[in-house]
Every structure is written in C-alpha cells, then in structure tokens.
Amino acid sequence: MRSKPNILVTGTPGTGKTTTSSALAEATHLRHINIGDLVKDKKLHDGWDDDFQCHVINEDLVCDELEDIMEEGGVIVDYHGCDFFPERWFDRVVVLQTETSVLYDRLSKRGYAGAKLTNNIECEIFQELLEEAKESYKEEIVEAMKSDTVEDMNRNVAAITEWVSSWSSTA
Ligand code: ADP
Ligand code: MN
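As the structure is a prediction and not an experimental result, all values here were calculated from the model. (Residues numbered from 1 in each chain as written. Chains lettered and ligands numbered in written order. Predicted model: local features only at pLDDT ≥ 70, side-chain atom pairs only at ≥ 80, totals over all residues. Heavy atoms only, no water.)

## Description of the pairing of strand β5 (residues 75–78)
How we decide: The rule is simple: take the accessible area with a 1.4 Å probe, protein chains only, and divide by the maximum for that residue type; under 20% is buried, over 50% is exposed, in between is partly exposed. To qualify as a helix, a DSSP run of H or I must reach at least 4 residues; to qualify as a strand, a run of E must reach at least 2; elements of each kind are numbered from the N terminus. Strands are treated as partners if at least two bridges between them are detected by DSSP.
The alternating pattern of β5 places Val75 and Val77 and Ile76 and Asp78 on opposite faces, both of which are buried. In terms of strand pairing, strand β1 (residues 7–10) meets β5 through three bridges, oriented parallel. Counted as the bridge partner of Leu8 is Val77 from β5. Bridge count between strand β2 (residues 31–34) and β5: four bridges; the pairing is parallel. Bridge pairing in β5 places Ile33 opposite Val77.

## Considerations on the nonpolar core
This is how the line gets drawn: Buried Ala, Val, Leu, Ile, Met, Phe, Trp, Tyr and Cys residues form a nonpolar core when they are joined through side-chain atoms within 4.5 Å.
Ile35, Val62, Phe85 and Phe90 are the most contacted members of the largest nonpolar core, which totals 27 residues. In terms of nonpolar packing, the next biggest core, distinct from the first, is built from 13 residues, Ile7, Val9, Ala25 and Val94 among them.

## Describing the UniProt feature "binding site: ATP" (unreviewed entry) in the protein
Quick reminder of the rule: UniProt positions are given in the numbering used here, feature names are shortened, and annotations may be inferred rather than shown by experiment. Both cavities and pockets are sets of points on a 1 Å grid over the protein atoms alone; in a cavity a 1.4 Å probe fits but cannot get out, in a pocket the set is open with protein on both sides within 12 Å along at least five of seven lines, and lining residues sit with an atom within 4 Å of a point.
As annotated in UniProt, the feature "binding site: ATP" (unreviewed entry) corresponds to Gly14, Gly16, Lys17, Thr18, Thr19 and Arg110 in the numbering used here. Over a stretch of 97 residues, the named residues converge on one spot in the fold, their C-alpha atoms separated by at most 14.5 Å. Of the residues annotated just before, the largest pocket has Gly14, Gly16, Lys17, Thr18, Thr19 and Arg110 among its lining. By the element assignment, Gly14 lies in the loop between β1 and α1 (17–28). Assessed through its relative accessible area of 9%, Gly14 is described here as buried.

## Topic: the site of ligand 1
The following threshold applies: One heavy atom suffices: a residue is near a molecule or strand as soon as one of its heavy atoms comes within 4 Å of it. Any pair of N or O atoms that falls within 3.5 Å is considered a polar contact. Within protein, one atom must be able to donate a hydrogen and the other to accept it, and sequence-neighbouring residues count only if both atoms are side-chain atoms. Here the Shrake-Rupley method, with its probe set to 1.4 Å, supplies the accessible areas, and only the displayed protein chains count as covering residues. For this scheme, ten residues count as nonpolar: Ala, Val, Leu, Ile, Met, Phe, Trp, Tyr, Cys and Pro. Four count as charged, namely Asp, Glu, Lys and Arg, and the remainder, Gly too, count as polar.
The environment of ligand 1 is formed by 15 residues, the closest being Gly14, Lys17, Thr19, Arg110 and Thr149. Interatomic distance of 3.0 Å between a backbone N/O atom of Gly16 and an oxygen atom of ligand 1. Computed on the free molecule, ligand 1 has an accessible area of 560 Å², of which 72% lies beneath the protein chains in the complex. Listed by contribution, the elements that provide at least two residues to the shell around ligand 1 are α1 and α7 (150–166). Per-element accounting of the shell around ligand 1 gives the leading share, three residues, to α1. Partitioning the shell around ligand 1 into residue classes produces three nonpolar, eight polar and four charged.

## Quick notes on the sheet that holds β2
Rules: Only the stretch in contact is used when a helix axis is fitted, and all axes are lines through C-alpha atoms; the angle between N-to-C directions ranges over 0 to 180 degrees. Working rule for contacts: check all heavy atoms of both residues, and any pair within 4.5 Å makes them a contact.
Taking strand neighbours across the sheet as the criterion, the five strands line up as β2-β5-β1-β6-β7 in an open arrangement whose pairing is parallel. Of all strands in the sheet, those with a lone pairing partner are β2 and β7 (142–146), marking the two edges. Going across the sheet, the axis of each strand differs from the next one's by a mean of 20°, ignoring polarity. Relative to β7, strand β6 (residues 92–97) runs parallel, the two sharing five bridges. The partner of Gln97 across the bridge, within β7, is Lys146. The sheet strands contacting α1 are β1, β2, β5 and β6, and the helix crosses β5 at an angle near 175°.

## Examining the packing of aromatic side chains
Under the convention used in this document: Each Phe, Tyr or Trp ring (for Trp, its six-membered ring) is paired with any other whose centre lies within 6.5 Å, and the angle between the two planes then decides the class: stacked below 30 degrees, edge-to-face above 60, tilted in between. Any Lys NZ or Arg CZ found within 6 Å of a ring centre and within 35 degrees of that ring's normal is scored as a charge over the ring.
Following the criterion strictly, the structure yields seven aromatic pairs and no others. Plain terms: the ring middles of Phe84 and Phe85 are 4.3 Å apart, the flat faces sit at 40° to each other, and that makes the pair tilted. Here Phe84 matches Phe85 in class, with each residue buried. Feature note: the residues Tyr79, Phe84, Phe85, Trp89, Phe90 and Tyr137 constitute an aromatic cluster, connected by ring pairs. For the cation-ring pair, Arg92 lies above Trp163, with the distance from its terminal atom to the ring centre recorded as 5.2 Å.

## Side note on the packing of helix α4 (residues 100–109) against helix α5 (residues 114–125)
Test applied: In this scheme, roughly parallel covers angles under 35 degrees and roughly antiparallel covers those over 145, while 65 to 115 is roughly perpendicular and the rest are oblique. By convention the crossing between two helices is left-handed if the near helix lies anticlockwise of the far one by an angle smaller than a right angle, and right-handed if it lies clockwise.
At a closest axis distance of 10 Å, the pairing of α4 and α5 adopts a crossing angle of 150°. Taken together, the axes of α4 and α5 lie roughly antiparallel to each other. Between α4 and α5 the crossing geometry is right-handed. Contacts between α4 and α5 involve Thr100, Leu103, Tyr104, Leu107 and Ser108 on the former and, on the latter, Leu117, Asn120, Ile121, Glu124 and Ile125. Residues that form the contact of α4 with α5 fall into these classes: six nonpolar, three polar and one charged.

Here it is, written out as structure tokens:
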C-alpha cells in the first residue's frame, strides 16, 4: 500500500490543470507530472498529428514509464484524458471545469483557433472529461471543480491539500 495518495487532475485544455497542479505540488510536496511534457521529453509518442497539432501519445509507453512511480505514491498526474491509466493508480480524480466564455478567451490567448478551438470548447460544453472520468473510476473518488477564477483555484488547492494531509492508505 502506498503511503501518500495519487491524484489525477484532468479537464479540457485551458481549464487550469497545470496551474492548479503546480500550486498543489507546492502546497503538498507531492510530485507533479505533466503527461504532455513527459511524452515530449521521453518521446512516448508515435509522431506528430498535423490535424490536431499535437503528438500522438503512445498510451502503453506512458503507462510503462509511470508504473513504478505511481506504485510509490505521492504523484499528481496532469492530463486532458484519463481512460487509459490503470484505475488502481488513483485515490482521487479531480475534473476542472470552466465557463465557456472564459475558456474561449484562455484558449484564444494560447493561440488556438478554428477546429482546434471549437473542438475544445465543445469538449467542455458536453463535459466529456467528467463523463470519461466517471466511466473510468469509482464515482465516489471523482469530483468536478469549478476553475473560472483565481479564487476558484485557490479554493480548490486548499481543499485538496486538506484532503491530502488527512489521507491515510488504511482509510
Ligand atoms: P491546462 O493545463 O488545463 O491547459 P493551464 O493551467 O495551462 O490549463 O491554464 C491556462 C491559462 O488559464 C493560463 O494562462 C492560466 O494562468 C489560466 N488559468 C488557469 N486556471 C485559472 C483559474 N482558475 N482562474 C484564472 N485563470 C486561470
Ligand atoms: Mn497543461
């Protein structure tokens, strides 16, 4: 049994996964792993997708890379997908959600336009990540959290930090 919990922070691109995970890692001293960066750094992909303008992630390579680290515990995983990770890895799954207009502005600022922008906005409107999380993990460990403002983020980080400090593997 791991002595520290593993947390998955998921949600549509732009909802604040990386910002929230960094703040959470600082507050809890858990280790933040940004799957997008890991895939790039360790080349855990099958090339570049021109249509979607992103690497084609190799899910098996990612899971192999992380298995030992996740077994140890104390990891915050940050990724806009969650159905390919082993269910047993996570003690809590946080799905960040952002108001459409706010998300639109954030993604436009990031340079997203056209189909890439529309696809991500639709992904958020239809709550696709929340659905995916509920299908992949026990409902009682999945929680949606509003991430529209900095106050929202601070509240989320404080709540999860509180939960981490009271977590015990025997609970
Ligand atoms: P993700 O990792 O989910 O793609 P980021 O953490 O990169 O999202 O955040 C995208 C942008 O939105 C960043 O500029 C970040 O500062 C901002 N942001 C993220 N979460 C919030 C929030 N709760 N309130 C205000 N701005 C936020
Ligand atoms: Mn990110």
